[in-house]
Amino acid sequence: MKDEATFARILAALHEAALDPARWPGFSAVVDDALGVHGQSLIFGDGDSNEDARIAFYWTCTHGERRLDLERLYHGTYYPLDERVPRLRHAPDGQLIHNTEVLTERELKTSPVQHAFRQVHCANAVNVRLDGPRGSRIMWMVHDPIHDDGWSSAQLDLIRRLLPHIRQTVRVQVALGRAGTLGRTLEGLLEAAGLGVIQLDRRARIVAANDRARTLLRAGDVLFDTGGCLSAQPPTANAELQDLLARALPPFGIRGAGGTMAARRPSGSPLVLHVIPVGGGEADPGAWPVAALVLVPDAAQPTDLDVAIVAETLRFTRAESQAAVLLARGMTVREIAAATGRRESTVRSHVKHMFTKHGLTRQADLVRLVRSLAGVQGGAAGTGDTPES
């Protein structure tokens, strides 16, 4: 990486892309220049095999230009042939993997996909898989270095440093997409119905909030207005929130960074909060005084999912049922672990047990099964007959 100012410019471009995907090529241009690479590709979707894979979006950019021709060529011709895809789907979260590590020596020589990649400067690409929201996967491929001397440790370090910010960007885009607000202006975001939106100034004071957010603030079970500033409870959640706000709203001259947290409510149903900086002050006078957004996806969608009803109907334990309901409300395994105070391995074990009980193999199928119980009223549910763990 060239310097901290360059990294700040990358983050600024990425935060713009989080609110408006049309700005992704601008982010790509900044990263390509900083890394000295030919471009990058981002794929977001779910599914455990080529047969059930569903791609939500796929972007390829080279030197700041969106390459629809390459996207169509890869998705229409090479995606079904790409030997890397099933291997990368199950790669460890956040691990950088070179093409030379995911393909055999024979495949590197004979694969038609690798041959095509050589023509467009992707043969020596670095790939990484990230856990996305709602059981999805984020695949980021950074294309070949411009210079022929291979990848440097500085380039790889910058890629690793960007990973949490890439994940955060996709999370925000998914939340905005579900609310139908991607690409809206700051004023337009306040009209969102299925998304709580709170606008903050550079001192973390509340500038404006939409109806959904005002309802949350009035309820005061997690978020509340303290003298015009945003706070949370319990104290541990407030400490995490204030840390996110401090990182999103640093002192003058330093670019902020976004982040995500899950805050548990007394009812046991957590709120997911996305904090993201926006242009403000000297960088974008038109956005002043708004310097950051707090986005709260509607955790009540789908509505009326009752943990006890899910446990009774689907023969889940209480812990399994709670994890199932939170998955159905759009949380990742990592977010569920943070919200419930359990280990990620414990939550994954609950998911596997639920798969076994109903002969399921995909998290998406479990989510659909649980969502089918939205609004169901229980008979014996809640009588204490359901196992606790």
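Please read these numbers as outputs of a predicted model, since none were measured by experiment.

A. The side chain of T340, seen in detail. For T340, the position within the fold is in helix α14 (residues 333-340). Side-chain polar atoms of T340 contact the backbone oxygen of I336, separated by 2.7 Å. Leaving out residues up to four positions away in the same chain, T340 has contacts with R264, Q322 and L326.

B. Structural view of the pairing of strand β10 (residues 229-232). Taken together, the 4 bridges between strand β9 (residues 223-226) and β10 define a ladder with antiparallel strand orientation. Its bridge partner being in β10, L223 is matched across the sheet by A232. Following β9, the chain reverses through 2 residues before pairing antiparallel with β10; G227 in that reversal takes a positive phi of roughly 60 degrees.

C. Just the sheet that holds strand β7 (residues 195-200), in detail. One open sheet holds the 5 strands; their spatial order is β8-β7-β13-β12-β11, and the pairing between them is antiparallel. Looking at the sheet topology across the chains shown, the edges are occupied by β8 (206-209) and β11 (259-263). Between one strand axis and the next, the sheet turns through 20 degrees on average, direction left out of account.

D. Representation of the environment of D20 in the model. Inspection of the secondary structure assignment puts D20 in the loop between α1 (4-19) and α2 (24-35). Placed 165 residues apart in sequence, D20 and T185 show a C-alpha to C-alpha distance of 9.1 Å.

E. Summary view of the sheet that holds strand β2 (residues 54-62). A sheet is described by the order of its strands in space; here 6 strands give the open sequence β3-β2-β1-β6-β5-β4, paired in antiparallel fashion. Where the open sheet ends on each side, the last strands, each with one partner, are β3 (65-66) and β4 (97-98). Bridge count for strand β1 (residues 40-46) against strand β6 (residues 137-142) is 6 bridges, and the pairing is antiparallel. Considered in β6, the bridge of I43 is made with M139.

F. Looking closely at the packing of aromatic side chains. Applying the stated criterion to the full structure yields 7 aromatic pairs. Between F57 and W59 the ring centres are 4.4 Å apart and the planes differ by 15 degrees, which places this aromatic pair in the stacked class. What makes F57 buried here is its relative accessible area of 17%. Ring pairs connect the aromatic residues W24, F27, F44, F57 and W59, which therefore count as one cluster. When the ring centre of F7 is taken as origin, the NZ or CZ atom of R161, which lies over that ring, is 3.7 Å away.

G. View of the pattern of salt bridges. Applying the stated criterion across every chain, the model contains 19 salt bridges. With its nearest N and O atoms 3.4 Å apart, the salt bridge here joins R23 to E16. Taking the relative accessible area as the measure of exposure, R23 reaches 42% and is therefore partly exposed. Residue classification places E16 among the partly exposed residues on the basis of a relative accessible area of 41%.

Criteria and thresholds
Residues numbered from 1 in each chain as written. Predicted model: local features only at pLDDT ≥ 70, side-chain atom pairs only at ≥ 80, totals over all residues. Heavy atoms only, no water. Helix = DSSP H or I, 4+ residues; strand = E, 2+ residues; numbered from the N terminus. Polar contact = N/O pair within 3.5 Å; in protein donor to acceptor, adjacent residues only side chain to side chain. Contact = heavy atoms within 4.5 Å. Pairing = 2+ DSSP bridges. Axes fitted to C-alpha atoms, helices over the stretch in contact; angles between N-to-C directions. Phe/Tyr/Trp six-rings, centres within 6.5 Å; stacked < 30°, edge-to-face > 60°. Buried < 20%, exposed > 50% of the residue type's maximum accessible area, 1.4 Å probe, protein only. Lys NZ or Arg CZ within 6 Å of the ring centre and 35° of its normal. Salt bridge = Lys/Arg side-chain N within 4 Å of Asp/Glu carboxyl O.

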